[in-house]
Amino acid sequence: MTTIRLRNSKSRKVEEFHPIDPENVQMYVCGPTVYDRAHLGNARPVLVFDVLYRLLRHVYGERHVTYVRNFTDVDDKINAEAQRRKGLGDPRSLEALIAERTEETIAWYHADMDALGALRPDQEPRATAFIGQMIAMIADLIAKGHAYEKEGHVLFRVRSYQNYGALSGRSVDDMIAGARVEVAPFKEDPMDFVLWKPSDEDLPGWDSPWGRGRPGWHIECSAMSYELLGASFDIHGGGIDLQFPHHENEIAQSACAHPEAGFANYWVHNEMLQVEGKKMSKSLGNFFTVRDLLDQGVPGEVIRFVMLGTHYGKPMDWTERKREEAETTLRKWRALVDGAVPAAHPAAELVEALADDLNTAGAIADKFDKKSRAKMIVSGSSLSLT
RNA sequence: GGCGGGUUGGCGGAGAGGUUACGCAGCGGAUUGCAAAUCCGUGUAGACCGGUUCGAUUCCGGUACCCGCCUCCA
C-alpha cells in the first residue's frame, strides 16, 4: 500500500501518515465564512484538500474516508450585511435576512467550487446547527476550570492550558509582548479569548446559561469536529493564516474538554495566494472572486491547473501569464487525450508524487504518460484518483 | 519586535551529492496555398559568502533580499 507523507505543522516535519483507523480515515478542514462570494484565495485550500481527499480515497478506499468541511454562518460580517439590507428598508426580520444571505452564499460557494472540479466533502455542517453542542462544550470547559464567565461573556483561560502556542511556535509571554490586541477589561489575561458573547436585540442570538448570545469563532470547529469525528481524528486542514489564533484556540478548547484524547494528529496548512506578486486585497485593486474569473471565460480546470502548479506549502502567485500558459497546456493535453480510453488505474508515478506531501507540481511535471496525467490531476473527472 | 515560508535559466517550475528535468516563450529547420496545429533540433540556471566532500544547485552554517502571519482574512 502507498504510504502518504505529509508535512505536519505540529512537528514542522514531513511525516509518514498513519491513520487511527484505516477503515475510517477522518479529515476536518476549516471552511468559509459565508458572507460573500468566495474569492480566489478561498479556492486554494479547497483544491489542495480536494487532492488530499482524492488521494486518501485512492489509498484507503472511497468508503473509508470521511471529509468534513464546515460553513461558518455565525459571523459579524453576515450580520452587517443583513443589517444593511434591513436598513435599506427590507421588511423581513433580521433572522430571515441572515438566513437568506447565508443560503445564497452557500449556493454560490457550491457552484463555484464545483466548477473547479472539487468534490464535495462528505459532510458540510453549519455552525448554527451545532449551537447546542457548543454551549455544552463551553459549560464543560467552565466546569473544568478552563473558562470563566464575565459580564455576559465566557472566556477561555489560556493560562490553564500548558501547551498553548505549541502549534504556531509561540509562547504566551512573547505574544503578549508584541500584542496589538485590544484588551477587554473583563479579561483575566490579555490572551484569553471569547467562547461566548452577548447579543443585543439587533443581533442573532441563542439562549444559554449565560444569557442570550452567540458563540465565538473558534468554538464551532471544536464542537463540530467532536460531534462528527470524535475527540481524536487524523487530519485537520486549513490556510496557514488560521494557524494562529484559530487553530491554536481550537486545540486549547478541544484538548481541555477532552484531555484523554489527542484531537487532530496531523495538521496541514496551505500557504497563501498572491496576485501578480502582491497580496490580494481590495485596496490594491487586485481582488477578485472565483466567479469573476469564470464569468470572464476562464475555465475552472485552468484555475485548478494553475493552483496545483505550485506546492501547497509555498505561496502561490496567480498571474495573467500563468493563466495563459495553463490554457495553452491544457488545450494541448486535451488534444492528446482526445479519443483515448481512460486508464483503469492512475499511473503509479502520479500516486507516488502525490503521496510525497502532495507534490502536485512534481506530478504535473512529467515522468509518466501525458495522456493519463492530464485529466487525472486537472479535471478530476473520469480518470481522477478514485 | 516575535514566528513562519521562500530565493533555480526570458517566465513558470521539478527531481537527484557526480549523468538532458519538463513546460511556455525565443531561435533554426520540416510540413503547410497563407495562418493555425504538428514534428525535429537548439541556447540560456541554481541570490551571496563560507564549510563538509574527490566532487554541491542538491548537505551544514551565516548574510542579503522577497513574502506571509501575529487584527474572528483560506
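Residues numbered from 1 in each chain as written. Chains lettered and ligands numbered in written order. Predicted model: local features only at pLDDT ≥ 70, side-chain atom pairs only at ≥ 80, totals over all residues. Heavy atoms only, no water.

Interaxial distance between helix α4 (residues 131–143) and helix α7 (residues 243–257) falls to 9 Å at its minimum, and their mutual angle equals 70 degrees. By the angle between their axes, α4 is roughly perpendicular relative to α7. α7 is crossed by α4, and the crossing has left-handed handedness. Contacts between α4 and α7 pair M137, D140 and L141 from the former with Q253, C256 and A257 from the latter. Considering only residue class, the contact of α4 with α7 consists of four nonpolar, one polar and one charged. (Axes fitted to C-alpha atoms, helices over the stretch in contact; angles between N-to-C directions. Helix = DSSP H or I, 4+ residues; strand = E, 2+ residues; numbered from the N terminus. Parallel < 35°, antiparallel > 145°, perpendicular 65-115°, else oblique. Left-handed = near helix turned anticlockwise from the far one by under 90°. Contact = heavy atoms within 4.5 Å. Nonpolar A, V, L, I, M, F, W, Y, C, P; charged D, E, K, R; others polar.)

Relative to the assigned elements, E250 resides in helix α7. The charged side chain of E250 is buried without a salt bridge, its nearest counter-charge being K10 at 12 Å. Ignoring sequence-local partners within four residues, the contact set of E250 consists of C30, H218, C221, S222, H236 and F263. (Buried < 20%, exposed > 50% of the residue type's maximum accessible area, 1.4 Å probe, protein only. Lys, Arg positive; Asp, Glu negative; His and termini not counted. Salt bridge = Lys/Arg side-chain N within 4 Å of Asp/Glu carboxyl O.)

Overall, the coordinates contain nine aromatic pairs when judged by the stated rule. Relative to F193, the ring of F156 has its centre 5.1 Å away and its plane inclined at 15 degrees; by these criteria the two rings are stacked. Of this pair, F156 sits in strand β6 (residues 153–156) while F193 sits in strand β7 (residues 193–198), placing them 37 residues apart in sequence. What makes F156 buried here is its relative accessible area of 0%. On the basis of an interplanar angle of 55 degrees and a centroid distance of 5.9 Å, the ring pair of F263 and W267 is categorised as tilted. Residue F263 shares its accessibility class with W267, and that shared class is buried. Aromatic ring contacts, followed pair by pair, group Y28, F233, F263 and W267 into a single cluster. A cation sits over an aromatic face here: K77 above Y35, 4.8 Å from the ring centre. (Phe/Tyr/Trp six-rings, centres within 6.5 Å; stacked < 30°, edge-to-face > 60°. Lys NZ or Arg CZ within 6 Å of the ring centre and 35° of its normal.)

Quick look at the protein's contact with RNA strand B now. Neighbouring RNA strand B are 39 residues; K197, W217, L242, Q274 and K279 lie closest to it. Between RNA strand B and H39, the relevant distance is 3.2 Å, taken from a base nitrogen to a side-chain nitrogen or oxygen of the residue. Here a phosphate oxygen of RNA strand B sits 3.1 Å away from a polar atom, N or O, in the side chain of N359. At the level of secondary structure, the elements contributing two or more residues to the surface near RNA strand B comprise α1 (40–60), β9 (232–239), β11 (273–275), α10 (320–337) and α12 (360–365). Looking at the surface near RNA strand B residue by residue, the classes come out as 10 nonpolar, 14 polar and 15 charged. (Near = heavy atom within 4 Å. Polar contact = N/O pair within 3.5 Å; in protein donor to acceptor, adjacent residues only side chain to side chain.)

Here the bond from F244 into P245 is cis, since omega is 0 degrees, no more than 30 degrees from zero. A positive phi is found at E151, a non-glycine position, where the angle reads about 50 degrees. With relative accessibility at 60%, the residue E151 sits in the exposed group. At L358, a position not held by glycine, the phi torsion is positive, near 55 degrees. Secondary-structure assignment places L358 in the loop between α11 (348–355) and α12.

Moving on: the domain arrangement of chain A. One widely used convention gives an interface's size as the accessible area the parts lose upon coming together. In terms of domains, chain A is made up of domain 1 (18–270) and domain 2 (274–378). Just the C-alpha atoms count here: the centres of domain 1 and domain 2 sit 29 Å apart. Contacts between the two partners involve 25 residues from domain 1, matched on the other side by 27 residues from domain 2. If you look at where domain 1 meets domain 2, you find two salt bridges. For R304, the salt bridge identified is with D50, shortest N-O distance 2.8 Å. One can count eight residue pairs in polar contact (both at pLDDT 80 or more) joining domain 1 with domain 2. Residue assignment for the side of domain 1 that touches domain 2 shows that the elements contributing at least two residues are α1, α3 (94–115) and β10 (263–270). When residues of the side of domain 1 that touches domain 2 are assigned to their parent elements, the largest contribution, 12 residues, is made by α1. (Domains from an automatic or database assignment.)

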